[in-house]
Amino acid sequence: MGAEPDYEPSAHHGTGYGPDDNPPVEEFFDEEQDTRRSRRPTREKQRRRRRRTIVMLVVLVFFAGVVFGLTLFLRDLLGMNEIKDYEGAGTGSVSFTVAEGDGPMVIGTKLETADIVATSKEFVNTFAEESAGREIQPGSYEMKQQMSSSAALDALLGEEGTAVHYAAIARDLRQNEVFDILTESTGIPRTEFEALAQNPAAFGLPPAAVSLEGYLHPGEYRFPLEQDATSIVTEMVDNTFATLEDAGITDPAEQYRILTKASIIQAEAGEADYATVAGSIQNRLRADNVETSGLIQSDATVTYGLNRKSYDLTPEEKADKSNPYNTYANPGLPVGPIGSPSKEAIDAAANPADVPYYYWVTVNLDTGQTEFSSTLAEHAKYVLQYQEWCGTQEPGRCG
């Protein structure tokens, strides 16, 4: 609003009054207030203005969203967002299998699904342009993720992509489990591997060995397509011998003993506790051990002899001396390994930690938390803790 007018009585002012006819003071202020009220918008007008403003903003936001969504839709429809091909040789490592009878289109689809190439269509086009009449052979290939179609084709056709049989052997697997994997990955009948296990001496194992158990070294293997069962087993056994020698164990009898210890460590402990469990087992094997009288008391060894995997043993099973793997009833090590130990477990068996413990128990199977003790009374407390944890689990979790 502007400044108030200067009402000095004068003939030059168009007030409607003469010089001697000044209006009453009350009339002047009433007139001024009416003028101000006429200039000020009412509350209803203000509310209407605000509503109009809000509606306009909502409409604008909605319109902007529609335009943005339509733009994305059109880009997708026209393929403008589609990555037609990756660049370069890719990253990481992934095993890729080409099955018997797979053609370029099937292979391309599998490659796209595994995120090895961006699109099957581009791979098929690249195959048509660059294969020069060569065919992709069945087998397992070491590939990378997000490779260009050209790089993926080179891996499948070139020297780096030589077809192989891929087999992943996890640590702690038993001989029969390893044979299952080898048969599945290579197509070689399981009976061929079983026959080889009947003659462990043929692979350099000591006379005490009753099978190939423990010597089928864990790891990732890529066997050439023409490799037979004998050469496959030889390769795996040689890897075990090399690991033992790297740990400083060269005598065949001592290798067998260390491998047997390592297989128990592998089954009983998490990697962080390998050395401590190894030290505890070593204490139990000492001639002056009066705490357990030479008994290792490993559930894993007993259940191996019973041909099952379980932590649940009956008193009768623990007392059964006829089980040569029963370390509750028979002092010392069992008659042989109970699985395939890792390099880390073998190193721990060869170099046990110097600890005062005789007992260990994993009180939480999810976290691997393991508690150690020097006396049976202390150990019993941890066993109770384990049992309480088991009480919170689904039936069979601790069986």
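Since the model is a prediction, treat every value here as computed from it, not as a measurement.

### Let's talk about the overall build of the chain
Within the chain, the regular secondary structure consists of 14 helices and six strands. Expressed as a percentage of its 399 residues, the buried residues of the chain come to 38%. Taking contacts inside the chain between residues at least 6 apart in sequence as the whole, the part at least 24 apart equals 61%. Split by element, the accessible area of the chain, about 23100 Å² in all, is 53% carbon and sulfur.

### Brief notes about the nonpolar core
Counting residues in each nonpolar core, the largest one holds 49 residues, and the members touching the most others are Leu 182, Leu 212 and Val 237. No other element matches helix α8 (residues 229–246), which puts seven residues into this core. When sequence neighbours within four positions are dropped, the list of residues in contact with Val 237 reads Phe 203, Leu 205, Leu 212, Tyr 215 and Leu 216. Listed in part, the 19 residues of the second largest apolar core include Val 98, Ile 107, Met 147 and Leu 156.

### Re the packing of aromatic side chains
Summed over all chains, the structure comprises six aromatic pairs. Taking the centre distance of 5.3 Å and the plane angle of 10 degrees together, the rings of Tyr 221 and Phe 223 count as stacked. According to the relative accessible area criterion, Phe 223 is buried, its value standing at 0%. An aromatic cluster is defined as three or more aromatic residues linked by ring pairs; in this entry it consists of Tyr 215, Phe 241 and Tyr 256.

### Considerations on the packing of helix α4 (residues 120–130) against helix α5 (residues 149–157)
Between α4 and α5, whose axes approach to 9 Å, the crossing angle comes to 60 degrees. Here α4 is positioned oblique relative to α5, judged by the angle of their axes. Here α4 runs over α5; the crossing is right-handed. Along the contact surface, α4 presents Glu 122, Phe 123, Thr 126, Phe 127 and Glu 130, while α5 presents Ser 149, Ser 150, Ala 152, Leu 153 and Leu 156.

### Points about the pattern of salt bridges
Going through the model one piece at a time under the given rule, you end up with 13 salt bridges. With its nearest N and O atoms 2.7 Å apart, the salt bridge here joins Asp 180 to Arg 190. Pair noted here: Asp 180 is in helix α6 (residues 175–186) and Arg 190 is in helix α7 (residues 190–197), with a separation of ten residues, a long-range link. For Arg 190, a relative accessible area of 25% corresponds to the partly exposed category. Note that Arg 308 and Glu 317 form a salt bridge whose closest N and O atoms lie 3.0 Å from each other. Exposure remark for Arg 308: the relative accessible area of 28% places this residue in the partly exposed category. Connected through salt bridges with shared partners, the residues Glu 142, Glu 220 and Arg 222 form a single ionic network.

### Comments concerning α5
Each α-helix turn comprises 3.6 residues. Residues three or four places apart therefore point the same way. Of all nine residues that make up α5, seven are buried, and the element is covered over most of its length. By the burial criterion, the buried members of α5 are Ser 149, Ala 151, Ala 152, Leu 153, Ala 155, Leu 156 and Leu 157. Those residues of α5 hidden inside the fold are in contact with β1 (91–98), α3 (104–113), α4 and β2 (139–145).

### Focus on unusual backbone geometry
The phi angle at Gln 297 is positive, at roughly 60 degrees, despite the residue not being glycine. Structurally, Gln 297 can be placed in the loop between α10 (274–285) and α11 (299–305). Phi is positive for Asn 307, close to 60 degrees, though the residue is something other than glycine. Among the secondary structure elements, Asn 307 is positioned in the loop between α11 and α12 (315–319). Judged by its relative accessible area of 64%, Asn 307 is exposed.

### Focus on the confidence of the model for the chain
Reading fine detail from the predicted coordinates is not recommended where pLDDT is low. In the predicted model, the chain carries a mean pLDDT of 84, and the fraction of residues at 70 or more is 80%. Note that residues 1–23 has pLDDT below 50 and, in this model, twelve contacts with residues that lie over four places away or in other chains. Low pLDDT (under 50) marks residues 25–38, which in the prediction has five contacts with non-local residues, meaning those over four places away or in another chain.

### Looking at the packing of helix α9 (residues 252–268) against α10
The interhelical angle for the contact between α9 and α10, taken along N-to-C directions, is 125 degrees, at an axis separation of 10 Å. With respect to α10, the axis of α9 lies oblique. Note on packing geometry: the crossing formed by α9 with α10 is right-handed. Contact with α9, carried on its side by Arg 257, Lys 261, Ile 264, Ile 265 and Gln 266, involves Tyr 274, Val 277, Ala 278, Ile 281, Gln 282 and Leu 285 of α10 and no other residues of that element. Across the contact of α9 with α10, the residue classes tally to seven nonpolar, two polar and two charged.

### Digging into the state of the cysteines
Under the counting rule described, the total for this entry stands at one disulfide. Each sulfur of the disulfide joining Cys 390 and Cys 398 lies 2.1 Å from the other. Its S-S torsion of approximately -105 degrees makes the covalent link between Cys 390 and Cys 398 left-handed. Taken as a pair, Cys 390 and Cys 398 share a single burial class, namely buried.

### Some details on helix α14 (residues 376–390)
For α14, which comprises 15 residues, the first-to-last C-alpha distance of 20 Å matches the rise-based estimate of 21 Å (1.5 Å per residue) to within 8%. Regarding α14, the residues found buried are His 379, Tyr 382, Tyr 386, Trp 389 and Cys 390. The arc that holds every buried residue of α14, seen down its axis, measures 100 degrees, which confines them to one face. For α14, the exposed residues lying more than 90 degrees away from the buried face are Ala 377, Lys 381 and Glu 388. Elements that come into contact with the buried residues of α14 comprise β5 (359–364) and β6 (369–373).

Analysis parameters
- Each residue is numbered by its place in its chain's sequence as written, counting from 1.
- Totals for whole chains, interfaces and linings use all residues, but because this is a predicted model, local features are given only for residues with pLDDT of at least 70 and pairs of side-chain atoms are given and counted only at 80 or more.
- Hydrogens and water molecules were not included; the side-chain quantities draw on all heavy atoms of the structure.
- The way it works is that DSSP assigns letters per residue, a run of H or I at least four long becomes a helix, a run of E at least two long becomes a strand, and they are numbered from the N terminus.
- With a 1.4 Å probe rolled over the protein chains alone, any residue whose accessible area is under 20% of its type maximum counts as buried; one over 50% counts as exposed, and the rest are partly exposed.
- Throughout, a contact is declared for two residues whenever any of their heavy atoms are within 4.5 Å.
- Here the Shrake-Rupley method, with its probe set to 1.4 Å, supplies the accessible areas, and only the displayed protein chains count as covering residues.
- Throughout this description, the term nonpolar core refers to a set of buried Ala, Val, Leu, Ile, Met, Phe, Trp, Tyr and Cys residues connected via side-chain atoms within 4.5 Å.
- Any two rings among Phe, Tyr and Trp, with Trp reduced to its six-membered ring, count as a pair given centres within 6.5 Å; such a pair is stacked if its planes are under 30 degrees apart, edge-to-face if over 60, and tilted if neither.
- Only the stretch in contact is used when a helix axis is fitted, and all axes are lines through C-alpha atoms; the angle between N-to-C directions ranges over 0 to 180 degrees.
- For classification, angles of less than 35 degrees are called roughly parallel, those exceeding 145 degrees roughly antiparallel, those between 65 and 115 degrees roughly perpendicular, and all remaining angles oblique.
- The hand of a helix crossing depends on one turn: near helix anticlockwise from the far one by less than a right angle means left-handed, and clockwise means right-handed.
- Note on definitions: salt bridges are taken to be side-chain nitrogens of Lys or Arg within 4 Å of carboxyl oxygens of Asp or Glu.
- Each residue carries a pLDDT score, the predictor's confidence in it, ranging from 0 to 100.
- Each residue is assigned to one of three groups, with Ala, Val, Leu, Ile, Met, Phe, Trp, Tyr, Cys and Pro labelled nonpolar, Asp, Glu, Lys and Arg labelled charged, and all others, Gly among them, labelled polar.
- Any two cysteine sulfur atoms lying within 2.5 Å of each other are counted as a disulfide.
- How far a helix is expected to stretch is found by multiplying one less than its residue total by 1.5 Å.
- This arc is built from the directions going out from the helix axis to the C-beta atoms.

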